[in-house]
Structures are given as structure tokens and as C-alpha cells.
Amino acid sequence: MASVGAACLPAVRRIAVFGGTHGNELSGVFLVRHWLRDRSEIQRATCEVHPFLTNPAAVQRCTRYVDCDLNRAFTAENLSLPQCDSMLHEVRIAQQINQMFGPKGSDSAYDLALDLHNTTSNMGNCLILKTSNDDFTIQLIHYIKNTLAFSNCNVLLLENAAVQYGAIRMVAKHSVGLEVGPQPQGVVRANILENMRKLVNSALDFTQFYNEGKEFPPCKLDVYKAFEKVNYPRDEEGQIIGIIHPQLQDSDWKELNPGDPSFLTLDGKTITYSGSSAVYPVFVNEAAYYEKDSAFLLTQKVTLTANSVKVSKH
């Protein structure tokens, strides 16, 4: 019997584990390929776990994408485009993935998606949450953080419209993005892969306990809520003229105060952070984000709360 105030939610029966959304982020590629050969590690008695290599063509080329970023392709516009020969590769497979694991926003969509990524930034073990109003996912992340007790496991909330994008994981009813690093593109580091592996298995363990009827009591979760993307200093032709300042480099999740150095121009001048209050930068100097005009994201610390959750008997 659920306690008073508990959220009785449907069982989580189908879970997608996506790797290779970016073909040069190899921890997820290696893990998903392994699990496709042998699923015993990720099998759980109460649910179906489906590992899936999302962009094989980009994986084969060891590049982020072929035509466009697959992890930005899951927009309503792209998913509704009519099929044609000139359709961009990633838009085409976004539509295919949406049909396999969604459709996005539908009752028939997969219950949970775990999307595996690497970052060149000093992000450690980052779990990405799309909304502050999902008791199940907040409880899942709370369980992961407390069970694994990584010293460098932080939660990034991408709820603000200014930092949202058409991510692949959005096809499912619930989702968690995993960003584990630092790891260079096109490289596998054993410690980074092992951390990702532990994160995935912890999420699956939580789901198994939940499906078996375990009630998870109300919890609080400290997160970093992103609200703004900061571009590099550029000249009138759009060329970058300032790079990440050494004091900011590798300082993801650390406090950045007004007046602190943020960029160093190529003629040796320091550009300081001009905001009105302290912030916490993330994805600092991420290699993949140069093309996206993003030197780092600004976040604020907030605390989320979740009701107790228990699987519904109906």
C-alpha cells in the first residue's frame, strides 16, 4: 500500500539505451555494441532493455554526424517532414527512431530513454534532466547519486527554453542524458567508460526495484539549472578572437563571480564575466560546441523536490 501523498505511477516496462548519437563519442558506442552482443548485464526481470546504436554511419566515420546533429534533429518540424531523396541523413533516421521508440509525446512511446554521451569538458559524471516536474526521473537520479556516491556527479537541468534543443531522448516518456568526461573525441578511456557503465546499471536497478513495488520516499535533489549560452568573443567577420581563460578552463561546476576572468584575447587582454551575480559554468570549452557558438553554459544552483513514488497496481 502506498503512503499518503505517494505518486502511484505506471510501471516502466520498456527502456531504450542509446549510444552513438554522436559517432565520435565512443564510450556509448562501445557499451551499446557490447550489449547488443550480450545483453545479460543489462537484463532486468521486470522490463525490456533495448540497446540501440543510433547513428551507425557517423560511428563508422568516427565523426559527430553526417549531415546535421542528430541530437538536435528531434523537433516537431523535422519529425513531420515528408520523406524525400534530399532529406538530411540525421533527419531521416530521427524519423525512424521516433517511430521505433516513440512517437514522441504518445502513450505508446518507450517509458524511459538513457542517452549516452561523452564530453571533452571537465564535467565528470553529469546527468541531464529535462524538467523539474517529473517525480519518477528525479527519484531515479536521486537514487543513482546516492547509490554510486561519485564525488563528481552533478545534475544539469535543461528546462529553460533558451538552452533546450531537439534531443533524441525526448522520444520517451522519461529520459536521462549521460555526459561523462573529460574524454577526447574518437578516444575511449577505461575509467570514463566504466563510470558510464555504472550509471546505466544503477538506473536499471532503480527501475527494477520500482517495478517490484518498492516505494521511494520524498526526496530533494540539488541541480544546476542552465539559463544562458555564452559565445566566444568574435570579430566583425565572426572569427573567434578570445579563448577560454586559463583560470576558467576545467572549472566546470565551479563558482564564477562578476569580474572573474572568462576569456583571454589573442592580443593578451583578459575579458571578465560581466554578470550581476555568481553563476556556475558548465560545458566549458566543449569541442563540439565551437560550431554552436557556445563557449560555456551558465547555470544557477536550485533544489528540486519529488513526491514519493510507487508503481501503480493497475
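Figured I'd write up the structure that's included with this text. (Residues numbered from 1 in each chain as written. Predicted model: local features only at pLDDT ≥ 70, side-chain atom pairs only at ≥ 80, totals over all residues. Heavy atoms only, no water.)

1. Observations concerning the overall build of the protein
The number of helices and strands found in the protein is 6 helices and 14 strands. Within the protein, the fraction of its 314 residues that count as buried is 54%. Accessible area of the protein: about 13800 Å², with a carbon and sulfur share of 49%. (Helix = DSSP H or I, 4+ residues; strand = E, 2+ residues; numbered from the N terminus. Buried < 20%, exposed > 50% of the residue type's maximum accessible area, 1.4 Å probe, protein only. Areas by Shrake-Rupley, 256 points an atom, 1.4 Å probe, with all protein chains shown as cover.)

2. As for the pattern of salt bridges
Tallied over the full model, the rule gives 11 salt bridges. Across the pair Arg64 and Glu25 runs a salt bridge whose closest N-O atoms are separated by 3.3 Å. Residue Arg64 is found in the loop between α2 (56-61) and α3 (76-79), and its partner Glu25 is found in the loop between β2 (14-19) and α1 (26-37); the two are separated by 39 residues along the sequence. Residue classification places Arg64 among the buried residues on the basis of a relative accessible area of 9%. Asp69 serves as the salt-bridge partner of Arg64, at 3.0 Å between the closest nitrogen and oxygen. Asp69 sits in the buried class, given a relative accessible area of 6%. (Salt bridge = Lys/Arg side-chain N within 4 Å of Asp/Glu carboxyl O.)

3. Considering the pairing of strand β6 (residues 153-157)
Among the 5 residues that make up β6, 5 are buried, leaving the element largely enclosed by the rest of the structure. Burial along β6 is two-sided: Cys153, Val155 and Leu157 facing one way and Asn154 and Leu156 facing the other are all buried. Looking at chain direction, strand β5 (residues 125-129) and β6 are connected through 5 bridges and run parallel. If you follow Cys126 over to β6, its bridge partner there is Asn154. Between the parallel elements β5 and β6, the chain passes through helix α5 (residues 135-148) in a crossover that is right-handed. Here 2 bridges tie β6 to strand β8 (residues 219-230), and the two strands are oriented parallel to one another. Among the inter-strand pairings, Leu157 is bridged to a residue of β8, identified as Lys225. (Pairing = 2+ DSSP bridges. Right-handed = clockwise from strand over helix to strand, strands pointing away.)

4. Things to note about the nonpolar core
Among soluble globular proteins, nonpolar side chains are generally buried collectively. Within the largest apolar cluster, 50 residues are counted, with the highest numbers of intra-cluster contacts made by Leu114, Leu116, Leu127, Leu140, Ile141, Leu178 and Tyr210. In this view, Leu140 contacts Leu112, Val176, Ala203, Phe206 and Thr207; residues no more than four positions away in its chain are not counted. In terms of nonpolar packing, the next biggest core, distinct from the first, is built from 16 residues, Ala16, Leu79, Phe101 and Ala113 among them. (Core = buried A, V, L, I, M, F, W, Y, C linked by side-chain atoms within 4.5 Å. Contact = heavy atoms within 4.5 Å.)

5. Structural notes on the sheet that holds strand β11 (residues 270-272)
Neighbouring strands of a sheet are bound in pairs by backbone hydrogen bonds; such pairs are parallel or else antiparallel. Ordered by their spatial adjacency, 3 strands build an open sheet running β9-β10-β11, and the pairing between neighbours is antiparallel. With one partner strand each, in any of the chains shown, β9 (242-244) and β11 form the two edges of the open sheet. Across the sheet, the mean angle from the axis of one strand to that of its neighbour is 35°, orientation sign disregarded. Pairing between strand β10 (residues 261-265) and β11: 3 bridges, direction antiparallel. Bridge pairing in β11 links Pro261 to Thr272. (Axes fitted to C-alpha atoms, helices over the stretch in contact; angles between N-to-C directions.)

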